[in-house]
Amino acid sequence: MSEHYLTPLFSPRSIAVFGASDRIDSVGQIVFHNMLESKFKGALYPVNSRVSEVQGHPAYASIAEIEDEIELVVIATPPQTVPDIIEECGKHGVKAAVIITAGFAEAGAEGQELERRLLDNAKHYGIRLVGPNCLGVMRPVIGLNATFNKGGANAGKLALVSQSGALCTAILDWAQMNDVGFSSVVSMGSSADVDFGEILDYLVSDNETQNILLYIEGIRESRRFMSSLRAAARVKPVILIKVGRHEAGSKAAMSHTASLVGSDNAFDAAVRRAGVVRVQTVTQLFSAAKALSCGFHPSGNRLAIVTNGGGPGVMATDRASDLGLVMASLSDVTMERLNQALPSNWSHGNPVDIIGDAQADRYRHAVAACLEDPNVDGVLAILTPQAMTKPLEAAQAVIELANQYSKPLLTCWMGEAQVAESRKLFAHAKKPNFRTPEPAVEVFSYLSDYYQNQKLLMQMPEPLSHQLPPDVEGARMVIEGALQDKRKVLSEMESKALLSAFHIPVAQTMVARSPNEALLIAQQLGFPVAMKVNSRDISHKSDAGGVLLNLGNAQAVRAAYHEIIESVRRNRPGSCIDGVSIQPMIVKPNGRELMVGVSHDPVFGPVITFGAGGTTVEVMGDAQISLPPLNAYLARDLISRTRVSKLLGAFRHMPPADINALESVLLRVSEMVCELPMLMEMDINPLIVDEHGLLAADARVVVEFMQPSADRYAHMAIYPYPAHLVSHWQLPDGTDITIRPIRPEDAELEQTFVRGLSEQSRFFRFMNSVQELSQSQLVRFTQIDYSREMALIAVTDVQDKELELGVARFAINPDGESCEFALVIADAMHGKGLGQRLMTSLMDAARSKGLKTMQSGVLADNTDMLHLMGRLGFEVSVNTDDISIKSVLKLL
């Protein structure tokens, strides 16, 4: 495997520090001192033209004077010097730089010009930059401390990536006192070049990192961020803090990093789809990280509490209810076990109060019974030091159980002096322990969120659901017609035409432009009718006096026409009025009024909204959002998170609403978002649903011109499953073959395929003696991000079960214009044309993404592959670094 392009940043063999100094408390002095103190395991060079020596080391006037290769530079000089320094470094062959200096884009027009020059020089020479305006970078395992933090960090398995240098210093100080170590610490600063996504890309394959912690203020490239975040979360737990949850905080974050902030609800939705845990405080950040690193396997949100005091149990229960956790209902078997092991006056329920005189044995029996209960997903054991209590023995018993079971087992030993030794024991055993019940319950909620979000991460929806195909072209024509008229807001008729194109049931609607025409239409549709002003300028028609309902005769319709026109002119002077729309009065005695919408977040693009509908939608505030694309699982999850979902089941005299029809509408809206990038906003309100189905009574759509892109889903933060790449082929012997993009559920299929390859085929593919794929390799190979990589597998059906015959894949390089590819075919399929067919499909997929070059390394002994490459028009050349490998390249 080739070296990651950020390796010079994280594992440099040589570093030059620009601005290294002896001046006490200057940034250059602290940075160079930190490098010496941390005993960097490489060559270190101070660069300072004003002195001959820095902190006992010979100084260099410029990087040109250093004869050796320099892999990383750290810059702590005035901002006006930095662009020229980067140019000098580029000429010297440097590939990475950490710019601690401030005074660039955040400092006004002059700083923006400096940053432009800086980035131009870096791009010209291929130098990747962290910063500017950052604390720096740490890699404790190699003694790298290129920061101006007062002190270093212990080596560990946590990676910390932060946009705030000040927060980094506080976390590092806290970590020293709490025995927390780091694999890497990266202060991003203003992220002018290298961003969160690229750092995550490196950490996901970093053997030194087990958990990733993020502090985020804003995002620059949502697609890259989501892509990398999802890739990382598939392999390692990712826990993050995102500030700017409220408007004032958002403004502060934006001014600090110059990054887009977007709505906090959209960010929350993105985090859920990425399989990541979001916390609110630094303490929660590390508590969640410790819990996830304990080897727990969270599987739900049902909590059991074992306590020797009723009060703490109630406190924990209250907090669990606040967080939406479920207090587990103990099974009959568990209740019987507890009756056998506990005094007769135990609580006989959850929380399990084992009474104040509980000893270690009672804790052991009660906690074990709860952990073995299939209705329980996790246990919190609480101890208060009472006269008969032996905290240390109870702690030992609980630790033994924690080592035996994979379910989360959290502990809360309350007090101080009497439980101090127990806390040390928990810390030594690396078991999460808390001083009060509430933080312990919060951590269980994060474990539960992690489990739920990981399930969301596994969803790979297609852009189009397996239903009646929509009329995408017809919908585009409606939008283009409005844009040609220089309108962004569609009329009600146009909006409903858009919904109809995607098979969303709409109320039949006609527009009248006179009282007499209104009468004729009403008679045609049948009384009673609803009448609404037809105006592209008015969103809330009721507020403008533009809606009248339940009109039951001709006289009422004529009068209503005049009343609506006059009311709107009075309440919304200057609004464009294009008559009055008329539709039959929707009579659904069991109907629930809902709202489905689309909005456009400045960071994450289109998001789908669902909640209670009607005229009070803003006041009720019952709306949840999800990032598209959706499938049935994600649609159900979106519905379940709203308060109005409780009204969709049977209650009082009303039968349950048709949930399948509601899910279908959400899937149709997801299709609209995927296929119509010009769709900026949409409100379907009210969407009336009852036991027989649903109907969109009103709709409003806002569109905007979008420049066509080679990437048909470039407008989306999460790339949908590329169903358009599925193709079918038949071998000369009649075997039917499907070529399709790989899915997460193909892990077993892929593993079976690799195991079935000959030893030679495996060696030709992986260039080592792989027998089967590791779990992490399976995840990486099957849970791919279609926006920056592709894997096409060829399958055939054998006894109603898919059999993999070959796979071709590419990964886009950092330049965004080229990709590395690989191909392997089942031995029995050699010589049948499958390799050429797969490669042709893969090249077409690469072209569709706008890629210009495909390249790979092929072992010189792999003559069949080299012959195939020749037939496909690839240039074959000798690899100058390794003569056993041939380089193959094709311009697309």
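None of these values were measured; they are calculated from a predicted model.

Undergrad: Describe the pairing of strand β15 (residues 302–307), and please don't skip the residues or the numbers.
TA: Among the 6 residues of β15, 5 are classified as buried, and the element is accordingly described as predominantly covered. Note on the crossover from β15 through helix α11 (residues 310–322) to strand β16 (residues 326–327): the handedness is right-handed. Relative to strand β18 (residues 378–383), β15 is paired through 5 bridges, and the arrangement is parallel. By the bridge assignment for β18, Val 306 is matched with Ala 381. Sheet analysis places β15 next to strand β17 (residues 352–353), joined by 2 bridges and oriented parallel. Counted as the bridge partner of Thr 307 is Asp 353 from β17.

Undergrad: Requested: an account of the packing of helix α27 (residues 834–848) against helix α28 (residues 863–871), with residues and values cited.
TA: Packing of α27 against α28 leaves a shortest axis separation of 11 Å and a crossing angle of 50 degrees. Comparing their axes, α28 and α27 come out oblique. When the axes of α27 and α28 are compared, the crossing they make is right-handed. Across the interface between the two elements, Gly 835, Gln 836 and Met 839 of α27 pack against Leu 868, Met 869 and Arg 871 of α28. Looking at the contact of α27 with α28, its residues break down into 3 nonpolar, 2 polar and 1 charged.

Undergrad: Pulling in residues and values, what's your account of the environment of Arg 487?
TA: Secondary-structure assignment places Arg 487 in the loop between α17 (472–484) and α18 (492–501). On the basis of relative accessibility, which here comes to 13%, the residue Arg 487 falls in the buried class. Each C-alpha atom, one on Arg 487 and one on Glu 704, is 8.8 Å from the other, the two residues being 217 residues apart in sequence. Not counting the four nearest positions on each side in its chain, Arg 487 is found in contact with Ala 482, Glu 494, Arg 536 and Val 703.

Undergrad: Help me get a handle on the packing of aromatic side chains, residues and values and all.
TA: Evaluated as defined, the whole model comprises 13 aromatic pairs. With 5.7 Å between their ring centres and 70 degrees between their planes, Tyr 45 and Tyr 60 make a pair best called edge-to-face. Here Tyr 45, found in strand β2 (residues 43–47), pairs with Tyr 60, found in the loop between β4 (57–58) and β5 (72–75); they are 15 residues apart in sequence, far enough to count as distant. Judged by relative accessible area, which is 10%, Tyr 45 ranks as buried. A connected cluster of aromatic rings, assembled from ring pairs, spans Phe 196, Phe 225, Phe 267 and Phe 604. The positively charged end of Lys 242 is found above the aromatic ring belonging to Phe 267, 5.2 Å away from the centroid.

Undergrad: Outline the sheet that holds β2, supporting the account with residue identities and numerical values.
TA: Pairing in this open sheet of 5 strands is parallel, and the strands run β2-β1-β5-β6-β7 from one edge to the other. The open sheet has two free edges, formed respectively by β2 and β7 (128–130), since each of these has just one partner strand. For this sheet, the mean angle separating the axes of adjacent strands, direction not counted, is 20 degrees. The strands touched by helix α3 (residues 82–92) are β1 (14–18), β5, β6 (96–99) and β7; relative to β5, the strand with the most contacts, the crossing angle is about 165 degrees.

Undergrad: An account of the nonpolar core is requested, with residue identities and associated values reported.
TA: Counting 61 residues, the largest nonpolar core has Ile 199, Leu 214 and Phe 604 as its most contacted members. A total of 6 residues in this core trace back to one element, the largest contributor, which is helix α6 (residues 196–204). Counting 57 residues, the second-largest nonpolar core is a separate cluster that includes Ala 794, Phe 821, Met 843 and Met 865.

Undergrad: Any chance you could break down the pattern of salt bridges for me, citing the residues and the numbers?
TA: Enumeration according to the criterion identifies 46 salt bridges in this entry. In this structure, Asp 268 engages Arg 278 in a salt bridge whose closest nitrogen and oxygen atoms are separated by 2.9 Å. Residue Asp 268 is found in helix α9 (residues 264–273), and its partner Arg 278 is found in strand β14 (residues 277–279); the two are separated by 10 residues along the sequence. In this structure, Glu 494 and Arg 487 form a salt bridge, with 2.7 Å as the shortest nitrogen-oxygen distance.

Criteria and cut-off values
Residues numbered from 1 in each chain as written. Predicted model: local features only at pLDDT ≥ 70, side-chain atom pairs only at ≥ 80, totals over all residues. Heavy atoms only, no water. Buried < 20%, exposed > 50% of the residue type's maximum accessible area, 1.4 Å probe, protein only. Helix = DSSP H or I, 4+ residues; strand = E, 2+ residues; numbered from the N terminus. Right-handed = clockwise from strand over helix to strand, strands pointing away. Pairing = 2+ DSSP bridges. Axes fitted to C-alpha atoms, helices over the stretch in contact; angles between N-to-C directions. Parallel < 35°, antiparallel > 145°, perpendicular 65-115°, else oblique. Left-handed = near helix turned anticlockwise from the far one by under 90°. Contact = heavy atoms within 4.5 Å. Nonpolar A, V, L, I, M, F, W, Y, C, P; charged D, E, K, R; others polar. Phe/Tyr/Trp six-rings, centres within 6.5 Å; stacked < 30°, edge-to-face > 60°. Lys NZ or Arg CZ within 6 Å of the ring centre and 35° of its normal. Core = buried A, V, L, I, M, F, W, Y, C linked by side-chain atoms within 4.5 Å. Salt bridge = Lys/Arg side-chain N within 4 Å of Asp/Glu carboxyl O.

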